[in-house]
Amino acid sequence: METIRWIISTAPEIFLLSAVALVTILGRIKIREFAIGTTAYRVTIAAGLTVGSIEEKIGSRTVLERIVRKGSDVKPQLQTVLEAGDDIVLAGRSATILAADPIIVASTFAG
């Protein structure tokens, strides 16, 4: 557990890439015909929107789990405003998250 904390604090990019690797595994698991997983994005279009408004626009119980801004973690609270260049991780139904691309970015950078 200490190793994971060290990776998160010293190299958030590695943690973000690990989350993307995890989605590959989770994306293959289906529960009641729904695939679940996470996808990482670099924010462009969604800059200036709050976490709450993004989650509401995407819907289907999608959750913004992580924000990395200029190499530092930012706590994703409903009123947190996203900035251009933020790296974020969304979790939820794979089909719903993939449909969220136009809301957040011009294109997905990992997933």
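In this numbering scheme, every chain counts its residues from 1 along its sequence in written order. In view of the model being predicted, local features appear only for residues whose pLDDT reaches at least 70, and side-chain atom pairs are presented and counted only at 80 or more, with totals across whole chains, interfaces and linings using the full set of residues. With hydrogens and water set aside, each side-chain value is computed from the structure's full complement of heavy atoms.

## Section: the pattern of salt bridges
1) Next: One speaks of a salt bridge when a side-chain nitrogen belonging to Lys or Arg is within 4 Å of a carboxyl oxygen belonging to Asp or Glu. By the definition in use, this model includes 4 salt bridges.
2) Next: In this structure, Arg42 engages Asp87 in a salt bridge whose closest nitrogen and oxygen atoms are separated by 2.7 Å. Taken together, the positions of Arg42 in strand S2 (residues 34-42) and Asp87 in strand S5 (residues 87-93) put the pair 45 residues apart, joining distant regions of the chain.
3) Next: Each residue is assigned to one of three classes by its accessible area relative to the maximum for its type, calculated with a 1.4 Å probe on protein chains only: buried under 20%, partly exposed between the two thresholds, exposed over 50%. Of the residues examined, Asp87 reaches a relative accessible area of 9% and is grouped as buried. To qualify as a helix, a DSSP run of H or I must reach at least 4 residues; to qualify as a strand, a run of E must reach at least 2; elements of each kind are numbered from the N terminus.

## Considering unusual backbone geometry
1) Next: Although it is not a glycine, Lys70 adopts a positive phi angle of roughly 50 degrees.
2) Next: Along the chain, Lys70 falls in the loop between strand S3 (63-69) and strand S4 (72-74).

## Digging into the pairing of S3
1) Next: Extensive coverage of S3 is indicated by the burial of 5 of its 7 residues.
2) Next: Pairing between S3 and S5: 5 bridges, direction antiparallel. Opposite Ile67, over in S5, you have Ile88 as the bridge partner.
3) Next: When DSSP locates at least two bridges between a pair of strands, those strands are taken to pair. Relative to S4, S3 is paired through 3 bridges, and the arrangement is antiparallel. Within the sheet, the bridge partner assigned to Val68 lies in S4 and is Asp73.

Taken by themselves, the reported measurements are silent on function.
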